[in-house]
Amino acid sequence: MLATLILLCWLLLSGYLLWQDQRSVVGAFDPEQRWQQQTTQGLELASVGKALGASQMKLLHVIDPGCRCHRQHQQHQQALQQTFAEIPQQTLSIAEARQLGLSIPAAPMAILLNGDELVYAGPYTVGPLCGSGDGWIERLLRGEIQLAGSWLNGESNSCRCLQST
């Protein structure tokens, strides 16, 4: 009986610790709502868009190799690069993105531009995994989602590593 009780306590404690650990990387993309507090929204994208060329759609991948979500994200990014090879894509580190004047609340982060206009910025997909599948980016690029304007998606819960300002 005592062994069963100890095993049950160990399982509950282990489950709780795993949940806490996962909770540290899964959550709101912009929990402090920095994007909503900035009048210019912190995204100076015209120069970034011009640097990628004159094509309509452009996709920026903002990465943090030190983030625990990075390995899963790499697979997703590679799938996007293969599936949407006709769309110019560029990978930026957090430091490179900030040098361009971009506000980066968390990484990995996708920035989708149409010409010089922001279409979407935020996580690639919703949920605890940043794996391949039908995320926001795929649906936007296939035209399955039509946005009325720019979407700074800070509310979605995803696998991400928060970045300090």
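Up top you'll find the structure we're talking about.
For the structure given in this document, a descriptive report is provided here. Positions within a chain are numbered from 1, following the residues in the order the chain's sequence is written. pLDDT decides what is reported in this predicted model: residues at 70 or higher carry local features, side-chain atom pairs at 80 or more are listed and counted, and totals for whole chains, interfaces and linings draw on all residues regardless. Processing note: side-chain calculations cover all non-hydrogen atoms of the structure and skip hydrogens and water entirely.

**What about the sheet that holds strand β7 (residues 151-152)?**
Then, number 1: Strands are treated as partners if at least two bridges between them are detected by DSSP. Only DSSP runs of H or I with at least four residues qualify as helices, and only runs of E with at least two residues qualify as strands; both kinds are numbered from the N terminus onward. Taken in spatial order, the 5 strands of this open sheet run β3-β2-β5-β6-β7, and their pairing is mixed. With one partner strand each, in any of the chains shown, β3 (89-93) and β7 form the two edges of the open sheet.
Then, number 2: Relative to β3, strand β2 (residues 57-63) runs parallel, the two being bridged by 5 bridges. Looking at the pairing, Val 62 lines up with Leu 92 of β3.
Then, number 3: Note on contacts: a residue pair qualifies if any of its non-hydrogen atoms lie within 4.5 Å across the two residues. Lines fitted to C-alpha atoms define the axes here, with helix axes fitted over just the stretch in contact, and angles between the N-to-C directions of these axes take values from 0 to 180 degrees. Contacts between helix α4 (residues 70-83) and the sheet are confined to β2 and β3, with β2 contributing the most and set at about 165 degrees to the helix.

**So, the nonpolar core**
Nonpolar side chains tend to gather and get buried jointly when the protein is soluble and globular.
Then, number 1: Here, the term nonpolar core denotes a set of buried Ala, Val, Leu, Ile, Met, Phe, Trp, Tyr and Cys residues that are joined through side-chain atoms within 4.5 Å. A 1.4 Å probe rolled over the protein chains alone gives each residue an accessible area, and that area as a share of the maximum for its type sets the label: buried under 20%, exposed over 50%, partly exposed in between. Val 62, Ile 104, Met 109, Ile 111 and Ala 121 are the most contacted members of the largest nonpolar core, which has 17 residues in total.
Then, number 2: Those elements that provide at least two residues to this core are β2, α5 (94-99), β4 (106-107), β5 (109-114) and β6 (117-122).
Then, number 3: If you tally residues by element for this core, the top one is β5, at 3 residues.
Then, number 4: With near-sequence residues (within four places) excluded, Ile 104 lies in contact with Arg 34, Val 62, Ile 94, Ala 97, Arg 98, Met 109 and Gln 163.
Then, number 5: One finds Leu 59, Leu 80, Leu 140 and Leu 141 within the second-largest nonpolar core, a separate group that totals 13 residues.

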